Amino acid sequence: MSKKAILIICDGMGDRPVKEYDYKTPLETANTPNLNKLAEEGLVGLMDPISPGIRPGSDVAHLAILGYNPYECYAGRGSLEAAGAGIQLKPGDIAFRANFATVNEDLTIVDRRAGRIKTGIKELAEAINQIKIESVNGVSVEFYPTIEHRGVLIFRGEKLSKNVSDTDPHEIGVKPLKSKPLDDSIEAERMAKALNEFTEKSFHVLKNHQINLNRVKIGEKPANIILARGAGSYFKLKTFQEKYGIKTAAIAAVALVKGVCRIAGMEIIDVKGATGGLNTNFNGKADEAAKAIKHYDFVFLHVKATDVAGHDGNFKAKVEAIENIDKMIGRLIDQLDLNETYVTITADHCTPINFKDHSGDPVPILIHGPETFHSEIKKFCEKTASQGNLCRIKGIDIMAILTNYMGISEKFGY
Ligand code: ZN
Ligand code: ZN
């Protein structure tokens with residue numbers, strides 16, 4: 001009989017030894033009785049999300065961990081963001097991550113997030129969606145606001161390419177960049193032209209919009225331009241159902257991760273109070289995962305808090321996030337039949353607190369479930385993982401290992 005599996009990704013959990021904390025990592029420092037128990041009774045090792053030394057974005061790391069070779073299928077971040085927002089792309093569409101920003105009269109960027117605008121977004125989006133692209137034929141544009149200042153920008157029409165540069169300069173005090181084609185194709189040239197026209201028009205449409213005039217009146221920053229980044233094109237993946245014949249669900253708050261899961265054919269389960277931040281609803285995630293595994297063969301659970309703390313360079317916050325994750329896992333396994341269910345816990349990459357970005361170091365991984373050898377490792381962390389019984393694997397190996405244990409993998413050869 002086939003077994004079930006839960007895969008838990010603690011985003012950016014891996015770290016490096018931190019001098020100021022006695023050369024310990026946040027995971028090593030954290031009190032993690034539940035992780036330790038699962039590690040001791042299960043397989044423990046190191047995992048290179050892509051391969052040794054490669055610094056992955058969360059998008060490509062998740063693709064690899066879910067069994068898709070990102071070198072073959074990755075088509076840019078924008079399309080994953082769109083999928084995460086529930087927008088169906090069509091072949092030929094180009095999607096960008098976009099945000100409302102604040103510029104002054106000479107277009108110098110004052111705030112890349114428009115004061116984290118929360119109200120009036122719908123009205124502003126309606127105005128943006130009146131914009132017609134005239135500099136290139138047969139191209140239309142749609143803007144979908146998501147959360148606060150964020151949104152997704154989609155260009156539809158023929159002969160467009162994702163090989164163009166961003167208009168978002170990722171800093172303030174400068175003007176929006178002109179998008180440039182990144183190759184010699186007519187498609188890239190058309191795309192860059194359309195995006196530049198859109199950016200200019202977004203300023204004209206937004207600068208005197210009533211919502212913005214009101215914002216200025218009460219001392220808030222106007223949301224008067226749209227900046228775009230991370231072009232992506234439509235792509236398709238073989239779903240989990242098609243690959244393994246199993247029913248899958250995902251619990252994730254971050255649009256990008258939701259997007260990967262949705263394209264992989266997973267049902268997205270929303271958890272009340274799941275924010276993608278440090279204060280997310282850990283208990284709610286545990287309970288929803290426990291509930292979901294009754295109806296699905298495979299449940300994917302993502303927690304962002306560890307990555308947030310890593311980018312902030314905040315050791316204590318990362319330790320706290322890990323301890324909250326440990327409690328979440330305790331609450332989850334109390335509700336599981338561990339003779340029927342594999343529990344895998346790992347990270348999608350390291351976000352070392354002194355580096356404040358994703359590094360190319362391996363991350364610790366544990367796989368707990370029936371018929372695995374016991375690692376006898378008493379404390380789950382980066383250091384001990386190098387001595388574990390799973391040794392060192394790559395992200396792309398995980399689904400093969402899990403489907404093998406679950407009893408649903410195909411034999412290779414006769
Ligand atoms: Zn990540
Ligand atoms: Zn990150």
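That block above? That's the structure.
Residues numbered from 1 in each chain as written. Chains lettered and ligands numbered in written order. Predicted model: local features only at pLDDT ≥ 70, side-chain atom pairs only at ≥ 80, totals over all residues. Heavy atoms only, no water.

Asker: Could you give me a rundown of the coordination of the zinc ion (ligand 1), with the residues and numbers involved?
Answerer: Surrounding the zinc ion (ligand 1) are the protein donor atoms Asp-11 (OD), Asp-11 (OD), Ser-58 (OG), Asp-348 (OD) and His-349 (NE2), at 1.9 to 2.8 Å. Read in sequence order, the donor residues coordinating the zinc ion (ligand 1) give the pattern D-x46-S-x289-D-H. Separation of the zinc ion (ligand 1) from the zinc ion (ligand 2) amounts to 4.5 Å. One end of the pair, Asp-11, is in the loop between strand 1 (4-10) and helix 1 (26-29); the other, His-349, is in the loop between strand 11 (341-346) and strand 12 (363-368), with 338 residues separating them in the sequence. The exposure classification of Asp-11 matches that of His-349, with both residues buried. (Donors = N, O, S within 2.8 Å, 3.2 Å for Na, K, Ca; no water. Helix = DSSP H or I, 4+ residues; strand = E, 2+ residues; numbered from the N terminus. Buried < 20%, exposed > 50% of the residue type's maximum accessible area, 1.4 Å probe, protein only.)

Asker: Outline the layout of surface pockets, listing residues and values.
Answerer: Looking at the largest pocket, its volume works out to about 1200 Å³. Considering the residues around the largest pocket, the lining is formed by 40 residues, among which Arg-77, Arg-97, Arg-150, Val-254 and Lys-304 are closest to the centre. Listed by contribution, the elements that provide at least two residues to the lining of the largest pocket are helix 3 (58-65), helix 5 (77-84), strand 3 (94-103), strand 6 (150-157), helix 10 (255-263) and helix 12 (305-312). In terms of residue class, the lining of the largest pocket is made up of 13 nonpolar, 12 polar and 15 charged. Lining the second largest pocket are 15 residues, with Ala-83, Gln-88, Tyr-234, Phe-235 and Ile-263 sitting closest to its centre. Of all the secondary structure elements, the ones that give two or more residues to the lining of the second largest pocket are helix 5 and helix 10. (1 Å grid on protein atoms, 1.4 Å probe; cavity = no way out; pocket = protein on both sides within 12 Å on 5 of 7 lines; lining within 4 Å. Points joined across faces, edges and corners; volume = space filled by probe spheres on them. Nonpolar A, V, L, I, M, F, W, Y, C, P; charged D, E, K, R; others polar.)

Asker: Lay out the coordination of the zinc ion (ligand 2) with the relevant residues and their values.
Answerer: Listed as protein donors to the zinc ion (ligand 2) are Asp-307 (OD), Asp-307 (OD), His-311 (NE2) and His-358 (NE2); their distances from the metal cover 2.0 to 2.6 Å. Coordination at the zinc ion (ligand 2) is irregular: its four donor atoms span angles of 55 to 148° at the metal. Summarised as a motif, the one-chain spacing of the donors to the zinc ion (ligand 2) is D-x3-H-x46-H. Assessed through its relative accessible area of 1%, Asp-307 is described here as buried. (Tetrahedral: all angles 85-135°; square planar, octahedral: opposite > 155°, others 65-115°.)

Asker: If you had to explain the pairing of strand 12 to someone new, which residues and values would you point to?
Answerer: For a regular strand, side chains alternate in direction, first toward one face of the sheet and then toward the other. Counting buried residues in strand 12 gives six out of six residues, a clear majority hidden from the surface. Judged by which residues are buried, strand 12 turns out to be covered on both faces: Val-363, Ile-365 and Ile-367 on one side and Pro-364, Leu-366 and His-368 on the other are all buried. Where strand 11 meets strand 12, three bridges bridge the pair, whose relative direction is antiparallel. Residue Val-343 lies in a different strand from strand 12, and its bridge partner there is His-368. (Pairing = 2+ DSSP bridges.)

Asker: Can you explain the environment of Lys-201? Please cite residues and give values.
Answerer: Here Lys-201 is to be found in helix 7 (residues 186-207). In the structure, Lys-201 is positioned 129 residues away from Glu-72 in sequence and 36 Å away in space, judged by C-alpha atoms. In this structure Lys-201 touches Ile-131, Lys-132 and Glu-134, once residues within four positions along its chain are discounted. (Contact = heavy atoms within 4.5 Å.)

Asker: If you had to explain helix 10 to someone new, which residues and values would you point to?
Answerer: Within helix 10, seven of the nine residues are buried, which leaves the element mostly enclosed by the surrounding structure. Along helix 10, the positions that sit buried rather than exposed are Leu-256, Val-257, Lys-258, Gly-259, Val-260, Cys-261 and Ile-263. Check the buried side of helix 10 and you find it contacts helix 3, helix 5, strand 8 (248-251), strand 9 (267-268) and strand 10 (298-303). Following helix 10 by one or two positions, Gly-265 adopts a phi angle in the positive range, close to 85°.

Asker: An account of the packing of helix 5 against helix 10 is requested, with residue identities and associated values reported.
Answerer: Where helix 5 contacts helix 10, the two axes come as close as 6 Å, and the packing angle between them is 85°. With respect to each other, helix 5 and helix 10 are oriented roughly perpendicular. Residue-level contacts link Arg-77, Ser-79, Leu-80, Glu-81, Ala-83 and Gly-84 of helix 5 to Ala-255, Leu-256, Lys-258, Gly-259, Val-260, Arg-262 and Ile-263 of helix 10. Class assignment for the residues of the contact of helix 5 with helix 10 results in six nonpolar, three polar and four charged. (Axes fitted to C-alpha atoms, helices over the stretch in contact; angles between N-to-C directions. Parallel < 35°, antiparallel > 145°, perpendicular 65-115°, else oblique.)

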